[in-house]
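Coordinate analysis (summary)
Each chain, letter by letter, is given below.
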Amino acid sequence: MDCIFCKIANGEIPSNKVYEDDKILAFYDLEPQAPVHVLVIPKEHICCADALNSENSAVVGYIFSKIPEITAKLGLTNGYRIVNNCKEDGGQTVFHLHFHILGGKKLNVNMA
Ligand code: AMP
Ligand code: ZN
């Protein structure tokens, strides 16, 4: 499958890693939208939030269980935002489930 985040997960494409274990990977976004901008992905290919179901969604809870550790490592002690863009109207451009972690400043509150 020609998926850029699968290739990052398996090491075919390099990334600037923040956290990695057997299930998930966190790495810096190439085009940061905030002073700190990291993506967290499951290593398993799931195209988007809209493809989650009772069989494959445990990894989402796992990702969220690791976010405090990842954000602590990033120094985001004053808070951060977690974003998921889903499919075309949500602005998704890479079709491998990922959560953006944005922080390092007081973010604006415009959500749409
Ligand atoms: P989304 O628009 O939610 O699908 O987000 C995709 C994100 O992936 C964008 O913020 C891109 O800057 C980022 N991105 C694309 N390719 C890479 C890459 N090779 N390494 C790191 N980030 C990437
Ligand atoms: Zn993938």
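Structure: see above.
Residues numbered from 1 in each chain as written. Chains lettered and ligands numbered in written order. Predicted model: local features only at pLDDT ≥ 70, side-chain atom pairs only at ≥ 80, totals over all residues. Heavy atoms only, no water.

Looking now at the pairing of strand β5 (residues 99–103). Across the five residues of β5, five count as buried, placing the element largely inside the fold. With five bridges connecting them, strand β3 (residues 36–42) and β5 associate as antiparallel partners. Bridge assignment links Val36 to a residue of β5, and that residue is Gly103. Bridging between strand β4 (residues 80–83) and β5 involves four bridges; their strand directions are antiparallel. (Buried < 20%, exposed > 50% of the residue type's maximum accessible area, 1.4 Å probe, protein only. Helix = DSSP H or I, 4+ residues; strand = E, 2+ residues; numbered from the N terminus. Pairing = 2+ DSSP bridges.)

By size, the foremost hydrophobic cluster in this structure holds 18 residues, and its most contacted members are Ala26, Val40, Ile70 and Leu74. Elements with a minimum of two residues in this core: β1 (17–20), β2 (24–28), β3, α2 (58–74) and β5. Among the elements that make up this core, the one with the highest residue count is α2 (six residues). If we ignore the near neighbours within four places in the chain, the residues touching Leu74 are Val18, Tyr28, Val36 and Val38. Ile8, Ala9, Phe27 and Leu39 belong to the second-largest nonpolar core, a separate cluster that totals 10 residues. (Core = buried A, V, L, I, M, F, W, Y, C linked by side-chain atoms within 4.5 Å. Contact = heavy atoms within 4.5 Å.)

The next subject is the coordination of the zinc ion (ligand 2). For the zinc ion (ligand 2), the full set of protein donor atoms is Cys3 (SG), Cys6 (SG), His45 (ND1) and His96 (ND1), and the range of their distances to it is 2.0 to 2.3 Å. Taking the relative accessible area as the measure of exposure, His45 reaches 27% and is therefore partly exposed. Overall, the relative accessible area of 0% leaves His96 in the buried class. (Donors = N, O, S within 2.8 Å, 3.2 Å for Na, K, Ca; no water.)

A few words now on the sheet that holds β3. Here we have five strands laid out as an open sheet, ordered β1-β2-β3-β5-β4, and antiparallel in their pairing. This sheet does not close on itself; its edge strands, each paired only once, are β1 and β4. Across the sheet, the axes of successive neighbouring strands diverge by a mean angle of 20°, strand direction being ignored. On top of the sheet, α2 reaches β1, β2, β3, β4 and β5; it is set at about 135° to β1, its chief contact. (Axes fitted to C-alpha atoms, helices over the stretch in contact; angles between N-to-C directions.)

With respect to the secondary-structure elements, Asp22 resides in the loop between β1 and β2. Looking at Asp22, the relative accessible area reads 61%, which means it is exposed. The sequence separation of Asp22 and Ala58 amounts to 36 residues, and the corresponding C-alpha distance is 14 Å.

Within the structure, ligand 1 sits among 16 residues, and Asp29, Asn85, Thr93, His98 and His100 are positioned closest to it. Contact distances for ligand 1 include 3.2 Å between a nitrogen atom and a backbone N or O atom of Leu30. Contacts to ligand 1 include Val94, whose backbone N or O atom sits 2.9 Å from an oxygen atom. Considering ligand 1 on its own, with 510 Å² of exposed area, one finds that the protein chains cover 85% of that surface. At the level of elements, α1 (4–9) and β2 are the ones that each hand at least two residues to the shell around ligand 1. Among the elements that take part in the shell around ligand 1, α1 stands out by supplying three residues, more than any other. Its residues assigned to classes, the shell around ligand 1 comprises eight nonpolar, six polar and two charged. (Near = heavy atom within 4 Å. Polar contact = N/O pair within 3.5 Å; in protein donor to acceptor, adjacent residues only side chain to side chain. Areas by Shrake-Rupley, 256 points an atom, 1.4 Å probe, with all protein chains shown as cover. Nonpolar A, V, L, I, M, F, W, Y, C, P; charged D, E, K, R; others polar.)

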